[in-house]
Amino acid sequence: MADTSTELELGAEDGAEDRPDIGPESTPEPDSEQSPATPGDTEAAVDLEADTEDDALLTPEESENLESAETPDSPEEADVAVDDGDASDDETENAPAEDDIEEPADEAALAEDDVEKSADEAAPVEDELEETAEEAEPAEDELEETAEEAEPAEDAEVIEAEEEPEDDIELEDAAEVTEAQKWEDEAEAAPDTTPPATLENRYDIYPGRPLPDLDSPSARAFEAEDRMQPQLKLFALICIPGLPIRWDELLDIEGIDLPGNLALAAYGNIDWQIQNQKCLALIYERPLGGHVDILLKDPHEPEYKKIDALRLVAETGIRALKSLQERELTHRSIRPDNIFFLDDDHEEVVFGEFISSPPGFDQPVAFETIERGMADEGGRGIGSIAEDIYALGATLAFFLQRQNPVRGKSKEQLLLAKMSTNSYQILVGKTILTATMLEPIRGMLNDDQGERWGFDELDMWLSGRRVAPTQTAPVQKSQRPFRFGDFDHTQPRTLAYSMSDRRESALKLIKDGSIEQWYSRGLENSEMATAVAAAVETADALAETDPNADELLLSRILILMDPKAPITFKNIKYMTDGFGYALGVEVLREGNIKTYAESIVNQVPGIWYEISDGAAASQFSELEFYTRLRGYLQKAGPGYGIERCLYETIPGHACRSPLIAMQNVSVIEEILPTLDAAEKMADTKKSPVDRHLAAFIAARTEGSIESQLGQLGDLDETFQILGMLRLLVELQDRMNTGTLLGLTKWVGGLMGPVIKLYHSRSTRRDIEADVPRIVRSGDLSELLGLLDDPVTRKKDELEYLAALEEFEEAEEEVLGIEENTGPGSEAALRTSNQVAAVTSILIMIFIISLIIMAG
Amino acid sequence: MAKKPTNEKAPRQVAPSKARSMQSLLWVFMLAIVIIAFPESVILLFLGLLPTLVALIIDKSPRKYSTFCVGSMNITGVFPALLELWAGNNNIAHAFEIITNVFDLIVMYAAATFGWLLYMAIPPVVNGLLAVVAQHRIAQLRARQRELIKEWGDEIIPRPADQSGGEKNGAGQALNPSSAPPASNIEELDEIPPAPS
């Protein structure tokens, strides 16, 4: 079926004649004379053979080659043998000779050859793919340009490739480069005489003394000194403000000794003059021996030293991961440039820091598992120790080789290659230092997490015992490849990944029934074909009412096709445990935040949990978590929305409110003092509680503050202000914060509309007269008591109603008088005539009486 | 089922007219007796009270205030002549003698004229007095309203139903009843009612 398989597979089946990137170095083949393998190697060969029979991932040539490997006596012998073979002073000079022995030597690594060669042959197609990808993902432009530039280098002479610096492993993603580069550019402006920043009145951090060797992709390193113990060698990592960090892990590891990991001495916000704002500083012990990969790439270092270092990395790495697992932590930043020699003698190795960025954020795709590699950088998730074991395996694989086997490959190319074969074949090239490490690397790079080596297997390997081979489940492949995105896909998984990056085309395929047809005819999976058809039918029914029906259909189909893949919606991808960090990164980049909100509102995680196979209990809790997030998004007021999701999902994420963003506030206890200090700089005509602050307070406060938030979201501005005051008072009470003169002054200045809630002008005047006194006391609760006294308010209401009634009565009386005393009014005329008549009668009676009495 | 027309109102309409006719008949009877019994007094009163009779005829008001005014004064003017008749020869000749006495006639008719003057003069004066009192009362009420507005603000002025309802108290309740009378402009409070003419 070579004519119908993917191009990658075509390449693999075409043989090994054309290998442009094969290096001059002699491959440490499992030959008995040159490089006797360890017992582990023999076992590895057996395992590989067994696996080959099972899943047909290895070619027959590879199997034969592996069978030819003989059992070595000891690892030391293997190391020496390899060293003998490769211990050349000038590799360029040795290149022809090594070329001569290359063909027999390469037999041991035919699988790797095939994969590399297939990747090379696929390059033109991948170039086209890159053009498409450029349109879809501008952020990866730099990466792809780098890849394009690297392509000719691979085709050039091997000697030229050797002369290039060895750090060709693309350890930076495009976005990381953007953030870190910007950070670096600004930081470089600090002169050496810049006074140090101080943390906890103990640690001095020198902005003018950068340590670029110790930089992390998301944090810059500077010299640090401990005033109490000046003899300690320390350095400080200054984190990028706004970038989510791993707060929970930070709290867990501070001040404790984690074997195999850099010791975190202290952390905290410092006034960082370079950025003119507060930044989080992490104080670590300084590794004195430099990067491990520098030693391993140094052509002047003897091979045995490199192999010793490799063994040391493996042993220390396993110990480091165990110590992390004991604390239920994950590292998620294990990669070649994040492993250091702790001492000058290169006898102790440690993993570098993993706090300064989201889990997996700084990891190149090669060091991430297939599933997490598919996700956006920020959305790779915390994962488990299995992901760390994979990363350690990938790191060891890179250390093991003289050349980078995935050099120049884009993210998509690398992932498709991993999925088409497996990670081991893709990451382990043919020019390896020693074969002793192949067995654990193969175990650690197993793409099936259930079958991946754990600590039991690693311990067995360390103790020199044989590890039972694992059975890999056969991958369902189509006899009829499906061509999409310039690839011929035989697996639903690769097709789903390609479709996720080309959503419009993918949707057409789904709607015209191509996917359903492929499932029923190509994969002969009628159950999936029915599921796809049912999903399309449901989406068609909802199309008129739901504008996102098509996107939801596509997300559902993609999850159906690859249940292990990240949640995908529109152009975002995140693991179920990576939503918060993905959102945080997107907020920092001011990117596509709306899509993240839409994915939650449209319950895409629910679709993922519905389809994917996971533990029921964890599904329930995680689904409940996403349901809670959806509830937040469905409320529009302050304290809810996407901001609430941001702070609920990222523990310790600094508040992004423009009012205090420069202060990098991560804990709720610092909010009020920071706002208090910000009063001098802020526009005090605006409320001190904006959406970010309300969400931050709501997420970080224990207990419910729903009533305050509800009032904060009132349509009436007056009640918003009152709600803001109540929220701040609640916070002040809970945090036992002292006097807040600035904040009380700020809030007091905004209370005009609240004072006007009282109808009585005299009451208003009394309150206004009292406000300055309370402002001077700095007590927000007293201010609230003055402004919102229930007794005063009730009295005001009753008196107001009475006054209203009195006014109406007066008005009616005035109207009545005006009506009855006007010129020509009937009543007035009648009254006056009555008066005249009565007067006449009285006069008559008077006169007649006089006459009678006189008479 | 259609109601049958009833004639219940017919007897009631007949009864008052019968009573009125009976009352008129009684008056005529009594007048006849008086004329027959006291012809001299009747002659004197008839001629002396002619102005009152005229006022009664020309006064179209229901309460006949002008008749009261003129009649009261006219009676006052006739009363001395009537006493003279009753005190002297109470006969028709004496009655004609009094009637023909110009002085007595002048007294009778001048008194009636005075009564008319009272009817002309008193109402405007009373009107004026009433206006002054009302103006004072209005001034008092307006002053009180101004005090209320000063204390409670413009919102105390009742708004029309379609403009009210937006205001809330602290508990969010509507303060202005929607049934409040139409609003008076606050400027109206300073207006003083026009003085009576």
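Refer to the structure above for everything that follows.
Fair warning: this is a prediction, and the values are worked out from it, not measured in the lab.

Calculation notes
- Residues numbered from 1 in each chain as written.
- Chains lettered and ligands numbered in written order.
- Predicted model: local features only at pLDDT ≥ 70, side-chain atom pairs only at ≥ 80, totals over all residues.
- Heavy atoms only, no water.
- Buried < 20%, exposed > 50% of the residue type's maximum accessible area, 1.4 Å probe, protein only.
- Helix = DSSP H or I, 4+ residues; strand = E, 2+ residues; numbered from the N terminus.
- Pairing = 2+ DSSP bridges.
- Contact = heavy atoms within 4.5 Å.
- Buried area = accessible area lost by both parts, 1.4 Å probe.
- Salt bridge = Lys/Arg side-chain N within 4 Å of Asp/Glu carboxyl O.
- Axes fitted to C-alpha atoms, helices over the stretch in contact; angles between N-to-C directions.
- Patch = residues over 30% accessible without salt bridge, like charges linked within 9 Å, V, L, I, M, F, W, Y side chains within 5 Å.
- Areas by Shrake-Rupley, 256 points an atom, 1.4 Å probe, with all protein chains shown as cover.
- Lys, Arg positive; Asp, Glu negative; His and termini not counted.
- Charge placed at Lys NZ, Arg CZ, Asp CG, Glu CD.
- Expected span 1.5 Å × (residues − 1).

**A short note on the pairing of strand 3 (residues 219-226) of chain A**
Residues and elements named next belong to chain A.
Argument step 1. For strand 3, the tally of buried residues reaches six of eight residues, placing the bulk of the element in the interior.
Argument step 2. Pairing geometry for strand 2 (residues 203-210) and strand 3, over four bridges, is antiparallel. From the neighbouring strand, D204 faces strand 3, where its bridge partner is E225.
Argument step 3. In this sheet, strand 4 (residues 234-239) lies alongside strand 3 in antiparallel orientation, the contact comprising six bridges. Of the residues in strand 4, the one forming a bridge with E223 is F235.

**So, the interface of chain A and chain B**
Argument step 1. Contacts between chain A and chain B engage 44 residues on the former and 50 residues on the latter.
Argument step 2. Carbon and sulfur atoms supply 69% of the area buried between chain A and chain B, which totals about 4,300 Å² over both sides.
Argument step 3. Per-residue buried area on chain A facing chain B is highest for R761(A), Y800(A) and F807(A); these three make up 15% of the total on that side.
Argument step 4. A salt bridge links E813(A) to R137(B); its shortest N-O distance comes to 2.5 Å.

**Considerations on the sheet that holds strand 9 (residues 349-351) of chain A**
Residue and element names in this part refer to chain A.
Argument step 1. The three strands are arranged 7-8-9 in an open sheet whose pairing can be described as antiparallel. Both edges of this open sheet fall to strand 7 (290-291) and strand 9, since each of them pairs with a single strand only.
Argument step 2. Summarising the sheet, strand 8 (residues 339-341) and strand 9 pair through three bridges and their orientation is antiparallel. Bridge pairing in strand 9 places I339 opposite F351.
Argument step 3. Sitting on the sheet, helix 14 (residues 303-326) touches strand 8 and strand 9, and the angle it makes with strand 9 is about 50°.

**A closer look at helix 28 (residues 604-611) of chain A**
Argument step 1. The element helix 28 of chain A is extensively covered by neighbouring structure, given that six of its eight residues are classed as buried.
Argument step 2. Among the residues making up helix 28 of chain A, those that are buried are V604(A), P605(A), I607(A), W608(A), Y609(A) and I611(A).

**Describing the pattern of salt bridges**
Residues and elements named next belong to chain A.
Argument step 1. Scanning the entire structure with this criterion turns up 39 salt bridges over all chains.
Argument step 2. Between R227 and D204 there is a salt bridge, with the nearest N and O atoms lying 3.0 Å from each other. Highlighted residues: R227 in the loop between strand 3 and strand 4 and D204 in strand 2, separated in sequence by 23 residues.
Argument step 3. Accessibility expressed as a relative area gives 46% for R227, which makes it partly exposed.

**Comments concerning a negative patch on the surface**
Argument step 1. A contiguous patch of negative charge, built from D344(A), D345(A), E347(A) and E348(A), is present on the exposed surface.
Argument step 2. Residue placement: E347(A) occurs in the loop between strand 8 and strand 9.

**A closer look at the environment of E730(A)**
Residue and element names in this part refer to chain A.
Argument step 1. Mapped onto the elements of the fold, E730 is located in helix 34 (residues 717-735).
Argument step 2. Judged by relative accessible area, which is 24%, E730 ranks as partly exposed.
Argument step 3. Those residues in contact with E730 that sit more than four places away from it in its chain are I705 and Q708.

**Some details on helix 6 (residues 102-152) of chain B**
Argument step 1. Between its first and last C-alpha atoms helix 6 of chain B spans 74 Å; for 51 residues at 1.5 Å apiece the expected length is 75 Å, and the two agree.
Argument step 2. Positive phi shows up at G153(B), right after helix 6 of chain B, with a value of about 90°.

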